[in-house]
Amino acid sequence: MTILTDKAEVRRRPQPVGSGVLRKIWEHRADYAYVLPAIVVMLIVIAYPIYYTIDLSFFNTPPGLQLRDKIFVGFDNYTSILTSPVFWKVTSNTLIWTVGSTFIAFVLGLGCALALHNDFVGRGLLRAILIIPWVISAVAASYIWKWIYHSDFGIIGAVLVGFGLADRPPNFIDSVSTVLPSLIVVNIWREFPFAMIMLMAGLQTVPDQLLRAAKVDGANAWQRFWHVTFPHLRNVSTVTVLLLAVANFNSFIIPWIMTGGGPSNASHIWITHIYELAFGRQRWGVASAYSVLLFLTLMSLGYFYVRALSSNERKDGSA
């Protein structure tokens, strides 16, 4: 009798529906009540702005028209963006800015991490000095470097002229050909300490026994780095590069404060161009379409970042 009653009770219980993620959510549905307030807040401050931006990207919003009277134009904003030469110029700047800043900052950070991993007198002081660019406010750093690059009062131009290396101070951020590389130098200066810190942490996981064994076997410094050290840094290197790439795609302060996107759009990247379209020209629809494209790009980078983290967790669990 008891067995029959238990079977009837099991049949009356609601069974999980679906499979995969939905099944897990159903099985742990009571647990989500504890995080429901946080979910509501996220929907308000994250989900709704994303929805509104996507919705606004299908409308035309002339500067003289109130936002509530916007005109539906479908995919015209996306078409005008993709056929605009300014878009491809800004996209080229963004790729050069992101790839150049990310790669050089990572390589410089790796070199500093390898150097500081060794014991020597003053290592702690040197670490503190190298971290300074990262902890300085981006706004303060932008104004400092703007004066350093100044064509009339900048210290670099004064040194070049003083040593006879140039007849007149160069125009670092006032020239179309030099403005973007000059901004990349500033961005690298600010970002390489982050890569250095991440990679220094990764170097702590390299077994000394393997390095000593490789040295005994006759491996030189490069061979020990390439075959022993770097494989142990592969996971943290992937995460570091992806974080730097995402940060550079969203980097706004340095290019906007130092040049405002000029001269002649030579230093405009996506994020600064979106800001100018929205708050400078009040073209909210086109700016929203740009923002959707930027959002999709960052989501792609986020996907690879999550995959890298998941891969690291699986390797740690199997180990």
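Computed from a prediction, not measured in an experiment: that's the story for all the values here.

To continue, consider the overall build of the protein. What the protein contains, in helices and strands, is 14 helices and two strands. In terms of C-alpha radius of gyration, the protein reaches 27 Å, well past the compact-globule figure of 20 Å for 319 residues. Projecting the C-alpha coordinates of the protein onto the three principal axes gives extents of approximately 105 × 75 × 30 Å. Put simply, the protein has 319 residues, and 34% of those count as buried. In the protein, the share of contacts with a sequence separation of at least 24, taken over all contacts with a separation of at least 6, comes to 65%. Between the mean site of the 24 positive side-chain charges and the mean site of the 17 negative ones, the protein shows a separation of 6 Å.

This next bit is on the side chain of N187. Within the secondary structure, N187 is located in helix α9 (residues 179-203). For N187, a relative accessible area of 3% corresponds to the buried category. Discounting residues that sit within four places of it in the chain, N187 has contacts with W97, S101, N248, S251 and I254.

With that settled, the discussion passes to the pattern of salt bridges. Tallied over the full model, the rule gives three salt bridges. E27 is the salt-bridge partner of R23, the closest N and O atoms lying 3.3 Å from each other. Here R23 and its partner E27 are both found in helix α2 (residues 21-27), four residues apart, which amounts to about one turn of the helix. We note a salt bridge from E276 to R281, for which the minimum N-O separation is 3.8 Å. A relative accessible area of 37% means that R281 is categorised as partly exposed.

The residue after G262, namely P263, is reached through a cis peptide bond having omega -10 degrees. Among the structural elements, P263 can be located in the loop between α12 (253-258) and α13 (270-280). We note that S264 has phi near 55 degrees; this positive angle belongs to a residue other than glycine. Position of S264 among the secondary structure elements: in the loop between α12 and α13.

For H273, the position within the fold is in helix α13. With a relative accessible area of 3%, H273 lands in the buried category. When sequence neighbours within four positions are dropped, the list of residues in contact with H273 reads V86, V90, H268 and Y290.

One finds I81, W97, Y149, M196, M258, Y290 and L294 to be the most contacted residues of the largest nonpolar core, which totals 58 residues. Going through the elements one at a time, α4 (76-82), α5 (85-116), α9, α11 (221-249), α12, α13 and α14 (284-318) are the ones with two or more residues in this core. Beyond its immediate sequence surroundings of up to four residues, M196 is in contact with G109, C112, A113, L116, L130 and I131.

A separate point is the packing of aromatic side chains. Throughout the structure, instances matching the rule amount to 24 aromatic pairs. Taking 6.1 Å as the distance between ring centres and 50 degrees as the angle between the ring planes, the aromatic pair formed by F75 and Y78 counts as tilted. Look at Y78 and you get buried, because its relative accessible area is 12%. Feature note: the residues F87, W88, F249, W270 and Y290 constitute an aromatic cluster, connected by ring pairs. For K70, the ring lying beneath its charged end belongs to F59, and the centroid distance is 5.0 Å.

Attention now moves to α5. The end-to-end C-alpha distance of α5 is 46 Å, a good match for the 46 Å that 32 residues give at a rise of 1.5 Å each. By the N-cap criterion, in which a side-chain oxygen at the helix start approaches the backbone nitrogen of a residue two or three places on, α5 is capped by S84, the distance to V86 being 3.2 Å.

Here we take up the environment of M200. Following the sequence through the fold, M200 ends up in helix α9. Taking the relative accessible area as the measure of exposure, M200 reaches 13% and is therefore buried. Here the alpha-carbon distance between M200 and I96, two residues 104 residues apart in the chain, equals 27 Å. Once residues within four sequence positions are removed from consideration, M200 is found in contact with A113, L116 and R127.

Analysis parameters
- Sequence order sets the numbering: in each chain, residues are counted from 1 along the sequence as written.
- Local features in this predicted model are restricted to residues of pLDDT 70 or higher, and side-chain atom pairs are both shown and tallied only at a pLDDT of 80 or more, whereas totals for entire chains, interfaces and linings draw on every residue.
- The side-chain values count all of the structure's non-hydrogen atoms but skip hydrogen atoms and water molecules.
- A run of H or I in DSSP becomes a helix once it reaches four residues, and a run of E becomes a strand once it reaches two; helices and strands are each numbered from the N terminus.
- Each radius of gyration reported is based on C-alpha atoms, and the globular scaling rule is 2.2 Å times the count of residues to the power 0.38.
- Type-normalised accessible area, obtained with a 1.4 Å probe on protein chains alone, sets the label of each residue: buried when under 20%, exposed when over 50%, and partly exposed for intermediate values.
- Should any heavy atoms of two residues lie within 4.5 Å, those residues are considered in contact.
- Charge assignment: positive for Lys and Arg, negative for Asp and Glu; neither His nor the chain ends contribute.
- In plain terms, the charge of a residue is placed at NZ if it is Lys, CZ if Arg, CG if Asp and CD if Glu.
- Salt bridges are identified by distance alone: a Lys or Arg side-chain nitrogen within 4 Å of an Asp or Glu carboxyl oxygen.
- We call a set of buried Ala, Val, Leu, Ile, Met, Phe, Trp, Tyr and Cys residues a nonpolar core when their side-chain atoms join them within 4.5 Å.
- In summary, the pairing rule links any two rings of Phe, Tyr or Trp, Trp by its six-membered ring, whose centres are within 6.5 Å, and it sorts them by plane angle into stacked for under 30 degrees, edge-to-face for over 60 and tilted for everything else.
- Ring-over charges, as used throughout, are those where CZ of Arg or NZ of Lys falls within 6 Å of the ring centre and within 35 degrees of the ring normal.
- A helix is expected to span 1.5 Å for every residue after the first.
- Polar contact is the term for a pair of N or O atoms within 3.5 Å; when the atoms are in protein, one must be able to donate a hydrogen and the other to accept it, and sequence-neighboring residues count only if both atoms are side-chain atoms.

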